[in-house]
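Remarks on the overall topology
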Amino acid sequence: MSFEVIIGIEIHCELKTKTKMFSGAPVSFGNLPNTCVNEIDLGHPGTLPSLNKRAVELAIIACELMNCEIDRLIRFDRKNYYYSDLPKGYQITQQFHPIGRGGYVDIEVDGVSKRIGINRLHMEEDTAKQFHHGDVTWIDFNRAGTPLVEIVSEPDIRSGKEAAAFVEKMKSLLEFGDISDVKMEEGSLRCDVNISLRPYGFEGYGTKVEIKNLNSVNNVLRAVEAEIARQTDVYFKGESIVQSTRRYDETSRKTVLMRKKEGAVDYKYFPEPNIPPIMISDEFYRKVKSNLPKTAQQRKEDYIHLLGLSDYDASILTSGKDLSDYFDAIVSCGAPAKNTANWLISEVLSVAQLRNNRRFADWIQPQHMSDLLVLVSEGKISGKQAKEVFADMIQGESPKDIVAKKGLVQVSDEGHLLCWVLEVLSNNAQSIEDYKNGKDRALGFLVGQVMKLSKGKANPAMTSELLVQELSKR
Amino acid sequence: MFANRKIENIEMEVMDAVNQARKQQPLLNAMVSFTEVDEAIEYAKSSSGKMAGLPIILKDNVLTKGVRTTGSVQILDNYIGTYDATITTKLKEAGAVIIGKSALDGLGMGGTGTNCHTGFVHNPYDLTRMAGGSSVGSAVLVASGAVAFAIGSDTGDSVRKPASFVGIVGVKPTYGRISRYGIIPYASSLDHVGYFTRGVEDAALSLEVLAGRDDKDMTSSFREVENYLANLNGDLTGKTIGIMGNVIDAIRSKEVLVLFNDLVEKCKAAGAIIKVIHMDPVRLKTCLPVYYIIANSEATANHSNLDGVRFGMQERGDSLEELMTNSRTKGFSFLLRKRFIIGSYSLADENQDLLLRKAQKVRRLLVEDFKVALADIDVLIAPASSDVAPLLTDTSADQLSARYLIAENHMVLGNFSGYPSMTIPMGKINGLPIGINLTAKPFEEQVLFDIALGMEHLTGCKNMMAEVML
């Protein structure tokens, strides 16, 4: 490639709070339009904002996870503009004194680690959601006033892969930090990417283009690559880039012009007079800092070092907070970690994919999953039986009930097993002969005969041991 | 008067108030709407609240659920309150009976009572005169005898100035003492809830009802509310009273000075220590422009919610932008639009350093001066206006004279600083009342009430009422 790519990313992330940033109305997704609103969210006359403490706590956690310097004096400002999705005619944000500044996160692309700077992190409120149908616009104010943090990276990102890795990293930090549910497709995490190109060695910046409304990490990658190709093409044609906002069109896999940027809008920012500056007390700050949730990286390290999982298993388990939480819940019910990991990765994840539902605990309670794995590890049922039980557990039944109902008890009693072993041996003289003559397959056959005789209840490992023992006597 | 008086016949007291307000309406034009009272009367009968059965009036910028609340602007002419302001709730809980909503200069902007959406409001002492503003209707209805208590709001001097012109008590407590939740704002950093009574004892009791922390107003104070009435003590012995020398120097009316000096002499005789305090005269002249810039800047943003989209009057348009422009153009008077433009201009990126930010800096300096002025004294006093109420036809005020800049605008220092400040009547000139203004240190409302009570004893101006010629 002939140009150096300069990318900065802005992330808007809805905070996981019960109520809104400045009102007591509930935060919700998917509720009936305009049912989660009160007079404050609708900007009725005389209303005043009251700051959501939990939102501040989550913002502090986000700052800590992104290594930002925290401004302990919380201040807000007004951003003034008229639009139908902005009930008050201004948005309360932190223009002049963002809560976080000067942070960084580390990303990894193709095995190489890179540090991306975080310019600022600030709190603000979301706008209402608009739906355009022909020439009619519907407004749902449920979203109005939802707490947000906006995170702005330094222009340190140099490729589509790095952009995707950055967004993936932010998602992971925000999700594991319990700050947001980071659903890009539902808009609880939105990212805008600013891209410009410049010749290598050039000090200044080229004209930048903003790509908005990217709804998945994959699309971040594709959109950035498409835009780099487009801008390269424009420069090679000897034309210039127009400062503009574009969106990514999935069908054509190209970026499409939304609007040109003509002059900067004057938002007439000024300090919000209805929220006095608030000092975060040492006590509050210490409490938040000492209870920081574990990041995916920290959980992964715990899995490897404390639970003895492989790097591969630990990586998969920490690819999403839902899976990691589910794993932790099962293990905390008493299931052995390694078996739990194997089962989650091989069985549960494939079912989740089929059902397209990752709310694992909704279809199998952690306790049930743990009970199943304990039955296996204690040798009460075989692995094969366990899979049979698992299939039924998805219907909500407990593994103990299923085992009892199906009579799926594995016999591990030596005396009991020995009876079967002796009976099989007495009926299969040829196999004994074969075994003596070094035909290993004969042992497998004999184990199979015992299984058949026991209607699948014999513990296969013990059966095999007993057979070898008995055969050596003959 | 209602402090230390149990209202025996609530129905009669309330209906008397309603009837008076109705009868006076053609002359005073002080009411915007009357409210249903039956339910509140029933509630009051079994209430042991501090205002049980007391008929009261709210300025029409106080939100009342289910009752029209217009802010005295066209764009809210059809607006029905969707919730109760915190003070509305507190007053109801105290057993007060809200009989109606009173006129104001639109959105609280104006000090004449001539910029109301419902027309001019007249002074009950002389119908050809103004009664000040912006809380004009409330002031007039307390002075006319219709009610003994009414709510106002004070951003520049909107309670304390009209109180002077109609001879009643007007109180603006410390910023944060009374919740602002549910008051249609003017300028958030200057807005205070205030109120009118006809005596200092009533004023002391009323603050007990209204004050207190409200989680819905983050600027409201956590300080405990005091027993202002029980602790009230009008003994002036040893009290230090500072006279604002700059204001006295700027007043041209001999009669006003005679009344004022007479009261000062009486205070001295009653044991008070009198000092004359001078503040930086150049800085004092900036009160008005500083006020204008800050108030209009905040107001512009505060009223951006009135866009005709979600509530209030809507004027159609071919686009969203046109709908908003049309609604706001038709929905606000020329004066209000002018103020929004001044505010918007002061907020513009290229002007903000020179206008809003500079005004905020000067505000801080003025507050510093004011703090120093109050440092060694209990209260700072000055006439609440340089003369009696002007004629409704009077537009001659020379807005750049010291008389105007200092004598008419010093009370805004109470809004800049948030310090508690009140006006009580000090006498009459040719039958027209005029008041004296007192300001104390933050949250020293008790000191303020104590000295005001001492002065009320000396002036004898208690429970003054106008004879409205019907």
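Residues numbered from 1 in each chain as written. Chains lettered and ligands numbered in written order. Predicted model: local features only at pLDDT ≥ 70, side-chain atom pairs only at ≥ 80, totals over all residues. Heavy atoms only, no water.

Overview of the overall build of chain A
A count of helical and extended segments in chain A gives 16 helices and 16 strands. Taken against the 2.2 N^0.38 rule, which gives 23 Å for 474 residues, the C-alpha radius of gyration of chain A at 30 Å runs more than 25% over that of a compact globule. For the C-alpha atoms alone, the extent of chain A along its principal axes is close to 95 × 55 × 50 Å. Considering only contacts in chain A between residues 6 or more positions apart, those separated by 24 or more positions represent 67%. Accessible surface, chain A: about 22,700 Å² in total, of which carbon and sulfur atoms supply 50%. The average position of the 61 basic charges and that of the 66 acidic charges among the side chains of chain A differ by 1 Å. (Helix = DSSP H or I, 4+ residues; strand = E, 2+ residues; numbered from the N terminus. Rg over C-alpha atoms; globule rule 2.2 N^0.38 Å. Contact = heavy atoms within 4.5 Å. Areas by Shrake-Rupley, 256 points an atom, 1.4 Å probe, with all protein chains shown as cover. Lys, Arg positive; Asp, Glu negative; His and termini not counted. Charge placed at Lys NZ, Arg CZ, Asp CG, Glu CD.)

Regarding the overall build of chain B
Looking only at helices and strands, chain B features 17 helices and 11 strands. Here chain B has a C-alpha radius of gyration of 21 Å; the compact-globule value for 470 residues is 23 Å, and the two agree. Summarising its shape, the C-alpha atoms of chain B cover approximately 70 × 60 × 45 Å along the three principal directions. A buried classification covers 64% of the 470 residues belonging to chain B. A sequence separation of at least 24 residues applies to 77% of the contacts in chain B between residues at least 6 apart. (Buried < 20%, exposed > 50% of the residue type's maximum accessible area, 1.4 Å probe, protein only.)

Re the domain arrangement of chain A
Taken domain by domain, chain A comprises domain 1 (3-278), domain 2 (294-406) and domain 3 (414-473). Look at where the C-alpha atoms of domain 1 of chain A and domain 3 of chain A centre, and you get two points 67 Å apart. (Domains from an automatic or database assignment.)

A closer look at the sheet that holds strand β13 (residues 244-249) of chain A
Residue and element names in this part refer to chain A. Read across the open sheet, the 9 strands follow the order β2-β6-β7-β10-β1-β11-β12-β13-β14; overall the sheet is mixed. Two strands lie at the open edges of the sheet, namely β2 (69-70) and β14 (254-260), each paired on one side alone. Where strand β1 (residues 3-14) and strand β10 (residues 147-153) come together, 5 bridges link them in antiparallel fashion. Its bridge partner lying in β10, Ile 11 is registered against Ile 151. (Pairing = 2+ DSSP bridges.)

Some remarks on the sheet that holds strand β5 (residues 90-93) of chain A
Ordered by their spatial adjacency, 3 strands build an open sheet running β5-β4-β15 (chain A), and the pairing between neighbours is antiparallel. Each end of this open sheet is capped by a strand with a single partner; those strands are β5 and β15 (270-271) of chain A. Along the sheet, helix α10 (residues 287-302) of chain B makes contact with β4 (77-80), β5 and β15 of chain A, crossing β4(A) at roughly 65 degrees. (Axes fitted to C-alpha atoms, helices over the stretch in contact; angles between N-to-C directions.)

Some points on the pattern of salt bridges
Pairs can form between side chains of opposite charge whenever their charged atoms are close. All names here are of chain A. Within this structure, the stated rule accounts for 56 salt bridges over all chains. Measuring nitrogen to oxygen at the nearest pair gives 3.2 Å for the salt bridge that ties Arg 75 to Asp 71. Residues Asp 311 and Lys 300 are paired through a salt bridge, measuring 3.6 Å at the closest nitrogen-oxygen approach. Taken together, the positions of Asp 311 in helix α6 (residues 311-317) and Lys 300 in helix α5 (residues 296-305) put the pair 11 residues apart, joining distant regions of the chain. (Salt bridge = Lys/Arg side-chain N within 4 Å of Asp/Glu carboxyl O.)

Observations regarding unusual backbone geometry
Cis geometry marks the peptide bond from Gly133(B) to Ser134(B), where omega comes out at 5 degrees. Examined against the element boundaries, Ser134(B) turns out to sit in the loop between β3 (97-102) and α4 (136-143). Its identity as a non-glycine residue notwithstanding, Asn34(A) has a phi of 60 degrees, on the positive side. Its location among the elements puts Asn34(A) in the loop between β1 and α1 (53-65). The phi angle at Val182(A) is positive, at roughly 40 degrees, despite the residue not being glycine. Mapped onto the fold, Val182(A) is located in the loop between α2 (160-176) and β11 (189-199).

Comments concerning the pairing of strand β10 (residues 421-429) of chain B
Residues and elements named next belong to chain B. Across the 9 residues that make up β10, a large majority, 8, are buried. Here 3 bridges tie strand β5 (residues 169-172) to β10, and the two strands are oriented antiparallel to one another. Opposite Lys 172, over in β10, you have Ser 421 as the bridge partner. As paired elements, β10 and strand β11 (residues 432-440) share 8 bridges and run antiparallel to each other. Within the sheet, the bridge partner assigned to Lys 428 lies in β11 and is Pro 433.

Section: the packing of helix α8 (residues 337-355) of chain A against helix α10 (residues 366-377) of chain A
Residue and element names in this part refer to chain A. One way to put it is that α8 packs onto α10 with a least axis distance of 11 Å and a crossing angle of 115 degrees. The two elements α8 and α10 cross, and the hand of that crossing is right-handed. For the pair formed by α8 and α10, the contact residues are Asn 339, Thr 340, Trp 343 and Val 348 on the first element and Met 369, Leu 372, Leu 373 and Ser 377 on the second. The class makeup of the residues in the contact of α8 with α10 is 5 nonpolar, 3 polar and no charged. (Left-handed = near helix turned anticlockwise from the far one by under 90°. Nonpolar A, V, L, I, M, F, W, Y, C, P; charged D, E, K, R; others polar.)

A closer look at the packing of aromatic side chains
Any pair of aromatic rings gets described here by the distance separating the centres and the angle formed by the planes. If you walk through the whole model with that rule in mind, you get 19 aromatic pairs over all chains. A ring pair is formed by Trp343(A) and Phe390(A), whose centres lie 5.4 Å apart and whose planes are at 70 degrees; its orientation type is edge-to-face. Of this pair, Trp343(A) sits in helix α8 while Phe390(A) sits in helix α11 (residues 383-393), and the two are 47 residues apart along the sequence. In this structure, Trp343(A) and Phe390(A) share a single accessibility class: buried. With 5.7 Å between their ring centres and 80 degrees between their planes, Tyr228(B) and Phe449(B) make a pair best called edge-to-face. Residue Tyr228(B) is located in the loop between α6 (200-210) and β7 (240-244), and its partner Phe449(B) is located in helix α17 (residues 445-459); the two are separated by 221 residues in the primary sequence. Above the plane of the ring of Tyr90(A) lies Arg78(A), whose end atom (NZ or CZ) is 4.1 Å from the centre. (Phe/Tyr/Trp six-rings, centres within 6.5 Å; stacked < 30°, edge-to-face > 60°. Lys NZ or Arg CZ within 6 Å of the ring centre and 35° of its normal.)

Remarks on the side chain of His410(B)
All names here are of chain B. Along the chain, His 410 falls in the loop between α15 (402-407) and α16 (413-417). On the accessibility criterion, His 410 (4% relative accessible area) is buried. Within the structure, His 410 has its side chain in polar contact with the backbone oxygen of Pro 383 (distance 3.0 Å). Once you skip the residues sitting within four places of it in the chain, His 410 turns out to touch Met 244, Val 247, Ala 382, Pro 383 and Asn 437. (Polar contact = N/O pair within 3.5 Å; in protein donor to acceptor, adjacent residues only side chain to side chain.)

Here we look at the environment of Asp307(B)
All names here are of chain B. Its location among the elements puts Asp 307 in the loop between α10 and α11 (320-331). Once the C-alpha coordinates of Asp 307 and Arg 328 are considered, the two residues, 21 residues apart in sequence, prove to be 6.1 Å apart. Within the structure, Asp 307 has its side chain in polar contact with the side chain of Arg 310 (distance 3.3 Å).

Comments concerning the interface of chain A and chain B
Residue-level contacts link 32 residues of chain A with 41 residues of chain B. Contact between chain A and chain B buries roughly 2,800 Å² in total, counting both sides, with carbon and sulfur atoms accounting for 59%. In this assembly, chain A and chain B are joined by 0 salt bridges. At the boundary of chain A and chain B, one finds 19 residue pairs in polar contact (both at pLDDT 80 or more). (Buried area = accessible area lost by both parts, 1.4 Å probe.)

Things to note about empty space enclosed by the protein
Overall, the coordinates contain 5 cavities of 30 Å³ or more when judged by the stated rule. In this structure, the largest cavity encloses a volume near 270 Å³. Forming the boundary of the largest cavity are 29 residues, of which His44(A), Gly46(A), Thr47(A), Leu48(A) and Tyr90(A) lie nearest the centre. Secondary-structure elements contributing two or more residues to the lining of the largest cavity are β5 of chain A together with β6 (192-197) of chain B. Split by residue class, the lining of the largest cavity holds 12 nonpolar, 12 polar and 5 charged. In this model, the second largest cavity occupies a volume close to 70 Å³. Looking at the second largest cavity, the residues that line it are Ile40(A), Asp41(A), Leu86(A), Pro87(A), Lys88(A), Tyr90(A), Glu125(A), Asp126(A), Ala144(A) and Gly145(A). Class assignment for the residues of the lining of the second largest cavity results in 5 nonpolar, 1 polar and 4 charged. (1 Å grid on protein atoms, 1.4 Å probe; cavity = no way out; pocket = protein on both sides within 12 Å on 5 of 7 lines; lining within 4 Å. Points joined across faces, edges and corners; volume = space filled by probe spheres on them.)

Things to note about the pairing of β4(A)
Residues and elements named next belong to chain A. A two-sided burial pattern is seen for β4, the buried positions comprising Asp 77 and Lys 79 on one face and Arg 78 and Asn 80 on the other. As paired strands, β4 and β5 are joined by 4 bridges and run antiparallel to one another. Bridge pairing links Arg 78 to Ile 92 in β5. Pairing geometry for β4 and β15, over 2 bridges, is antiparallel. By the bridge assignment for β15, Arg 78 is matched with Phe 270.

Points about the side chain of Glu445(B)
All names here are of chain B. The residue Glu 445 is located in helix α17 in this model. An unpaired buried charge is present at Glu 445: no salt bridge exists, and Arg 177, the closest side chain of opposite charge, is 5.6 Å distant. When residues no more than four places from it in sequence are discounted, the contact partners of Glu 445 are Pro 173, Thr 174, Arg 177, Leu 207, Tyr 228 and Pro 420.

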